Amino acid sequence: MTAVEEPSASTGEQHIQPRLLIEEWLPAAAIGVECIRERSTGQQPPHARLHVWWARRPLAASRAAVLASVLPADFDRATFERLLGFDAPSEAIVRGQELLQWARTVGRQVPNPHGKRAFSNTLPEPHLNAAHHAMKQLWGELPAVIDPMAGGGSIPLESARLGLPTVANEYNPVACAVLEATVDYPFRFGPELAERARKWGSILRERFVQRMQRFYPDVGALPTHTYIFARTVPCPDTGAPTPLVPDWHLSKPKSGTHIVAEPVVDHAAKSWTVRIREIGRAAGQLPAAPKPTYVRGKATSIFTGAVIDGEYIKAMAKQGKLGSQLYAVVLKGAQGLDYRPAEHADLDAIAAAEAELARLRPTWERDNIIPTELYPRVSSELRPLQYGMPRWADMFSPRQLLAMGVLVEELRNLRPEILEAEGEEQGRAVEHLLAFVLDKFLNHNALLASWDSGTYGIRSVFDRHDFSFKPTPAEMAPCGAGAGLEWALGNVLKSWRELAELPRTGQMATTRITLGSATNLASVADASLTAVVVDPPYADNVQYSELADFFYVWLKRTVGHQHPDWFSSYLCDHSEEAVVNATRFVPDFDPDVKLPTGAKAAAKREAEAFYRDLMVQAFREAHRILRDDGVLTVMFTHKQQSAWESLFGALLEAGFVITATWPVKTESETSLHIASKNAAESTVILVARKRPAGAGIGYFTQEMKDRIRAVAKASAECLRNDGLNAVDQLVGSFGPAMEVFSRYREVRRDTGELVGIAEALDEASDAVVQWRVEKLMARGTGAELAGVEPMGRYLVLCWDVLAAAEFRFNEAKLLGHAVGLSPEDLVKAGLAVRKSQNIVLLPARDRRRDQAILAGNIPTAAQAKQLHPNDAEFRSAADAAHALAIAHADAGGGAAGIGAARALANRHNWRESSAVARLVQALVLSAPKGVQVEGKGITAKYPEFLAWHSLLQPLWGVTPPDWSEQEPVHRQFPGFATGAFVPEDEDADDEDIEDDESGDD
Ligand SMILES: C[S@@+](CC[C@H](N)C(=O)[O-])C[C@H]1O[C@@H](n2cnc3c(N)ncnc32)[C@H](O)[C@@H]1O
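Residues numbered from 1 in each chain as written. Predicted model: local features only at pLDDT ≥ 70, side-chain atom pairs only at ≥ 80, totals over all residues. Heavy atoms only, no water.

Asker: Which parts of the structure should I look at to understand the overall build of the chain?
Answerer: A count of helices and strands for the chain gives 33 helices and 25 strands. Relative to a compact globule of 1001 residues, whose C-alpha radius of gyration would be 30 Å, the chain shows 31 Å and is just as compact. Taken over the C-alpha atoms alone, the chain extends approximately 85 × 80 × 65 Å along its principal axes. Expressed as a percentage of the 1001 residues in the chain, the buried residues total 58%. The contacts of the chain with a sequence gap of at least 6 include a subset with a gap of at least 24, amounting to 75%. Taken as a whole, the chain presents about 38,200 Å² of accessible surface, with 51% of it coming from carbon and sulfur. Between the mean site of the 106 positive side-chain charges and the mean site of the 128 negative ones, the chain shows a separation of 3 Å. (Helix = DSSP H or I, 4+ residues; strand = E, 2+ residues; numbered from the N terminus. Rg over C-alpha atoms; globule rule 2.2 N^0.38 Å. Buried < 20%, exposed > 50% of the residue type's maximum accessible area, 1.4 Å probe, protein only. Contact = heavy atoms within 4.5 Å. Areas by Shrake-Rupley, 256 points an atom, 1.4 Å probe, with all protein chains shown as cover. Lys, Arg positive; Asp, Glu negative; His and termini not counted. Charge placed at Lys NZ, Arg CZ, Asp CG, Glu CD.)

Asker: Where do I start with the sheet that holds strand β16 (residues 511–515) in this structure?
Answerer: In any sheet, the strands associate via hydrogen bonds between backbone groups, in a parallel or an antiparallel arrangement. Sheet architecture is open: seven strands sit in the order β16-β2-β1-β17-β18-β20-β19, paired in mixed fashion. Since the sheet does not close on itself, it has two edges, and those belong to β16 and β19 (656–665), each with one partner. Strand-to-strand twist of the sheet, defined as the mean angle between neighbouring strand axes without regard to direction, takes the value 20 degrees. One ladder, built from nine bridges, connects β19 with strand β20 (residues 682–690); its direction is antiparallel. Across the sheet, the residue bridging to F656 is K690, located in β20. Here helix α8 (residues 154–161) sits on the sheet in contact with β1 (145–147), β2 (166–170), β16, β17 (529–534) and β18 (626–636), set at roughly 170 degrees to β2. (Pairing = 2+ DSSP bridges. Axes fitted to C-alpha atoms, helices over the stretch in contact; angles between N-to-C directions.)

Asker: Looking at this structure, how should I read the site of the ligand?
Answerer: Around the ligand lies a shell of 23 residues, among which R57, G152, E170, D535 and E576 are the nearest. E170 is positioned with one of its side-chain polar atoms (N or O) 2.4 Å from an oxygen atom of the ligand. Between the ligand and A518, the relevant distance is 2.8 Å, taken from a nitrogen atom to a main-chain nitrogen or oxygen of the residue. A total of 600 Å² of accessible area belongs to the ligand in isolation, and the protein chains cover 100% of it. Each residue belonging to the shell around the ligand can be placed in one class, and the counts come to eleven nonpolar, six polar and six charged. (Near = heavy atom within 4 Å. Polar contact = N/O pair within 3.5 Å; in protein donor to acceptor, adjacent residues only side chain to side chain. Nonpolar A, V, L, I, M, F, W, Y, C, P; charged D, E, K, R; others polar.)

Asker: Any chance you could explain the environment of F874 here in plain terms?
Answerer: Along the chain, F874 falls in the loop between α28 (861–864) and α29 (877–890). For the pair F874 and H908, spaced 34 residues apart in the sequence, the C-alpha separation amounts to 9.3 Å.

Asker: Would you explain the environment of A60 in this entry?
Answerer: Its place among the elements puts A60 in helix α4 (residues 59–70). Residue A60 is classed as buried on the basis of its relative accessible area of 9%. Put simply, A60 and D879 are 819 residues apart on the chain and 47 Å apart in space, counted from C-alpha to C-alpha. Beyond its immediate sequence surroundings of up to four residues, A60 is in contact with I31, E34, C35 and E38.

Asker: Can you walk me through the environment of N721 in this structure?
Answerer: In this structure, N721 sits in helix α21 (residues 702–721). Sequence-wise, N721 and P287 are 434 residues apart; in three dimensions their C-alpha atoms are separated by 53 Å.

Asker: Can you help me understand the nonpolar core in this one?
Answerer: Judged by nonpolar contacts, the single largest core of 143 residues is most densely connected at W54, Y327, F467, W496 and F550. Looking at which element gives the most residues to this core, the answer is helix α9 (residues 173–189), with eleven residues. Leaving out residues up to four positions away in the same chain, F550 has contacts with W392, M395, F396, L442, N443, A446, V461, F462 and F467. In this structure, A518, F741, I757 and L951 belong to the second largest nonpolar core, which totals 128 residues. (Core = buried A, V, L, I, M, F, W, Y, C linked by side-chain atoms within 4.5 Å.)

Asker: Just to check I follow, could you spell out α29 for this structure?
Answerer: Residue pairs three or four apart in sequence face the same way in an α-helix, which turns once every 3.6 residues. With 14 residues, α29 should cover 20 Å at 1.5 Å per step; its first-to-last C-alpha distance of 20 Å lies within 8% of that length. With twelve of its 14 residues buried, α29 lies for the most part within the structure. When we look at burial in α29, the residues that qualify are A877, A878, D879, A880, A881, H882, A883, L884, A885, I886, A887 and H888. Considering only its buried residues, α29 is in contact with α25 (790–802), α30 (894–908), α31 (915–925) and α33 (944–956). (Expected span 1.5 Å × (residues − 1).)

Asker: Help me out: how do you make sense of the side chain of S69 in this one?
Answerer: In this fold, S69 is placed in helix α4. You can call S69 buried: its relative accessible area is 0%. Within the structure, S69 has its side chain in polar contact with the side chain of T633 (distance 2.7 Å). In this view, S69 contacts L20, I22, A64, W139, V631 and T633; residues no more than four positions away in its chain are not counted.

Asker: Whenever I open this one, the sheet that holds strand β6 (residues 259–266) confuses me. Can you help?
Answerer: Spatially, the three strands line up as an open sheet ordered β5-β6-β7, and their pairing is antiparallel. Each end of this open sheet is capped by a strand with a single partner; those strands are β5 (249–251) and β7 (271–278). Geometrically, the sheet is characterised by an average inter-axis angle of 35 degrees between neighbouring strands, direction not taken into account. Bridge count between β5 and β6: two bridges; the pairing is antiparallel. Paired with S251 across the strands is I259, a residue of β6.

Asker: I'm lost on unusual backbone geometry in this one. Help?
Answerer: For K270, which is not glycine, the phi dihedral falls at a positive 50 degrees. Along the chain, the position of K270 falls in the loop between β6 and β7. Of note, the phi angle at D588 is positive, near 50 degrees, even though the residue is not glycine.

Asker: What am I meant to see in the packing of aromatic side chains here?
Answerer: By convention here, two paired aromatic rings are described through the distance between centres and the angle between planes. This structure, assessed with the given rule, holds 30 aromatic pairs. Seen in terms of ring centroids, W53 and Y544 are 5.9 Å apart; in terms of plane orientation they differ by 15 degrees. Their pairing is stacked. In this pair, W53 sits in the loop between α3 (46–50) and α4 while Y544 sits in helix α17 (residues 544–558), placing the two residues 491 residues apart along the sequence. Comparing W53 with Y544 shows no difference in burial state: the two are buried. Ring centres of W248 and Y327 lie 5.6 Å apart, and the angle between their planes is 70 degrees; this geometry places the pair in the edge-to-face category. Placement of W248 in the loop between β4 (241–243) and β5 and of Y327 in strand β11 (residues 323–333) is noted, with a sequence separation of 79 residues between them. Three or more aromatic residues joined by ring pairs make a cluster, and in this case those are W53, W54, Y375, W392, F396, F462, F467, Y544, F550, F551 and W554. R399 extends its terminal NZ or CZ atom over the ring of Y227, reaching a point 4.4 Å from the ring centre. (Phe/Tyr/Trp six-rings, centres within 6.5 Å; stacked < 30°, edge-to-face > 60°. Lys NZ or Arg CZ within 6 Å of the ring centre and 35° of its normal.)

Asker: Could you clarify how one ought to interpret the side chain of E81 in this entry?
Answerer: On the secondary structure map, E81 appears in helix α5 (residues 77–83). Although E81 is buried, it forms no salt bridge, and the closest oppositely charged side chain is R77 at an N-O distance of 8.0 Å. Apart from residues lying up to four places away in sequence, E81 is in contact with W25, P27, F86, P89 and S90. (Salt bridge = Lys/Arg side-chain N within 4 Å of Asp/Glu carboxyl O.)

Asker: Explain the pattern of salt bridges here, please?
Answerer: Between side chains of opposite charge, pairing is possible as soon as their charged atoms come close. All chains considered together, the criterion is met by 57 salt bridges. Residue K318 is joined to D592 by a salt bridge in which the shortest nitrogen-to-oxygen separation is 3.1 Å. Pair noted here: K318 is in helix α11 (residues 310–318) and D592 is in the loop between α17 and α18 (599–625), with a separation of 274 residues, a long-range link. Note on K318: relative accessible area 47%, which makes it partly exposed. For R584, the salt bridge identified is with E577, shortest N-O distance 3.4 Å. What makes E577 buried here is its relative accessible area of 6%. Sharing partners across several salt bridges, the network here consists of E195, R198, R497 and E501.

Asker: Mind showing me how you'd approach the packing of α29 against α30 here?
Answerer: Geometry of a packed helix pair, given as the angle between the helix axes and the separation of the axes. Contact pair α29 / α30: the axes reach a minimum separation of 7 Å and the direction vectors enclose 140 degrees. Viewed along their axes, α29 and α30 adopt a mutual orientation that is oblique. The chirality of how α29 crosses α30 is right-handed. Seen from α29, the contacting residues are A883, L884, A887 and H888; seen from α30, they are G894, G897, I898, A900, A901, L904 and A905. The residue inventory of the contact of α29 with α30, partitioned by class, reads eight nonpolar, three polar and no charged. (Parallel < 35°, antiparallel > 145°, perpendicular 65-115°, else oblique. Left-handed = near helix turned anticlockwise from the far one by under 90°.)

Right, here's the structure in full:
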């Protein structure tokens, strides 16, 4: 897609800025493929494995955004692609991915069509020289790039790797510490630093093991791997500690024997232990896992069977009465993991550790070794308070806290030795990396980390982006060889070494890290930088500072002395954090008091206004520091129109004009996945320039509306050809619409009234939806949707455009415009249900009523939402289509099913020309791939599509589309015929908990 050219505004001036590559061309589809490959299982880029940070952007998209923003429009495209790290021309990369996707859909093995992943590919010096030369010609110097909200550093890392002078600014000190290790140390110290840190890390570990080994005894011959605990609550009737265990499985492999802990209750002693059992039918095996004792926040007493409600559990937690009992120990056997119940020696060691902590605690609190800070009482995440963790130190069991305290103390003891041996600068860097080892350790060794019986590993605290209560915490055995602390050390240093070894130019430029708000970049002079490239936070997606406090309280104690300016506050500052956090706007917020009706909504409104204001200020600041010919490039990952409205609004208000937009698909869509939930993300790269001083007033005339509609439709068409899904086509059309709208200082009606962005975006979405409807109607054999009532058309649009059974309410609302209905109408008609922010289309069988409503009987509202094939009448073609599917299923499908459906159609006279026949055809034509094949999951849930497909010919003589396996692209790959090897698991979801800590929006 090229940036849309707009005739000059009547009162405006044309841009004085020379056109940039990003304003003309970007191989967005291939960049998307590289983003997907970057996230493949267990192989995240090293910087993302180094330390947790949330909502990281892929390096491939970040580099593209930086590089294309500072190169001229006529820069050689092949050289540019090579500089992006592409191993092949962009078209070949896209075709290769299509092949992989196809292979996955049909379960075939194909040779891997891809080369090295872009972020890890070499950066040839001659190509870099050519780029630097072109940049200098364009800007008169090497362009300076700033990311004012740099987070985990993807953007500045890529800028620095390209050899550009770079500034990475962040508001959060934990992110600054991450940035220092990511965009500074690798360039200053090279990979060798990892070896220096390994040496000191081993010494640290030795000292730790010496002090701590006795608290983790190995019972028996096998070394311990993990301890699994159950949180307990006093049983209301007996007072005995009853366990909160949602799943007694210890190991649940996809194939192979499942192993469980079976609770054994001693009523007399008011205690319980477990037996380790296999699940199966053989003698001595259990037929099924024992019943959980904790489901959806409610417990069942193991002693009495009585249900214990959530409020009681929280009340006990607040009184400090939530206990913790070790019940299973995971051992490292020669053949894999083994399990045993807790033994006395284990329990004695835990008690000894608790006593040792009690002995050391007063000194440690005095010397600031362990965090005494209170968990904030104003927070969007109140679970730590509700579950008995009023201080940050309470997020650890006594033994875990003892381990952390020993580590902090020993790191401090080691400091003078490190500095003496390594020198001040390198010594500080070593210390910093060791502090990250402690962070890695604590993320896997807290009460909020838990055992995952599916992957046989520990789920880290930030496996989820919150502080949710973990009823069965897990604790690492930290002293073992290759495990615990040694694992953390190896993991961090491996990531860091790989990070330092990432290919980069030999021509080093300076990278500066600054802490502060993007709204006030005091150290940056006016009009001094060429490019601002930024990936701003969006609303309440991630509460960065609330989460980062978990690390802040420890980093303060490990490396705080290196940066007193970063680590001198009680917790992370959040007064200027650009997020929507409603709790901060509730007057005298009290976590124990339920908010009066309306108070939350009012606070949310204030929080939104605050966020928007900060975004405007941040963009104004970007405007101030940019050269007049400079460029602002924004990476943004949200689908809701409201998100776009506030982003565009802030940009326009800050004095920018949108000049290009590029949706980059950063997540893969396997057809089955996309049909179950419309969840795939794409990042939009949006380009803006300073609005010329003379830009005047535009008028929202029919001509402007037509122009908006035309560019929106053209861009959607382009994006469709690039393989982006329908929602991305819609979102992708917003940018071009804004390119038309933002040329003017303001846009008004003839009457003088101001026109808001929402209207322009509505115009764009309406044009795209209409275009989709036209496409749908033109497709296939006479599926004339025009005669079908709006409800049926709405249903078709949802399947066709959103290609999923579940999608966001707002997206459904957008589509509804095209047919004059809203998602609530779908719900009222019984065709869908609302699930929080989403809408779920109901399968036909979920709508089946037991009894038919016969002629003359009036159904109740609830009955009217359901169907029976023998109902006397059907309210809509959509209901009739579902009734046909139900009749087909009731008769057992196949020939009998067709017969039953035919009888129903005959009874109601649904001939070939009827609305029902046309709707069924349209539904078949709009069926997403995932429902076109027999199978499990989503296919099994919506078998009506296969039923409708089988009815077209026998009922109405219509030839159905071919849903047999298609092999779209494989023939283009000569090596394919052999099917020789499995592709690397290129775009599977990230499941590797130990390696994946990067988080995501
Ligand atoms: C989406 S994240 C950036 C992620 C980053 N691009 C990466 O790949 O890791 C947005 C960042 O903005 C930061 N932030 C929030 N408010 C800010 C402000 N007022 N000034 C600067 N940074 C801010 C957050 O701390 C967060 O790290």
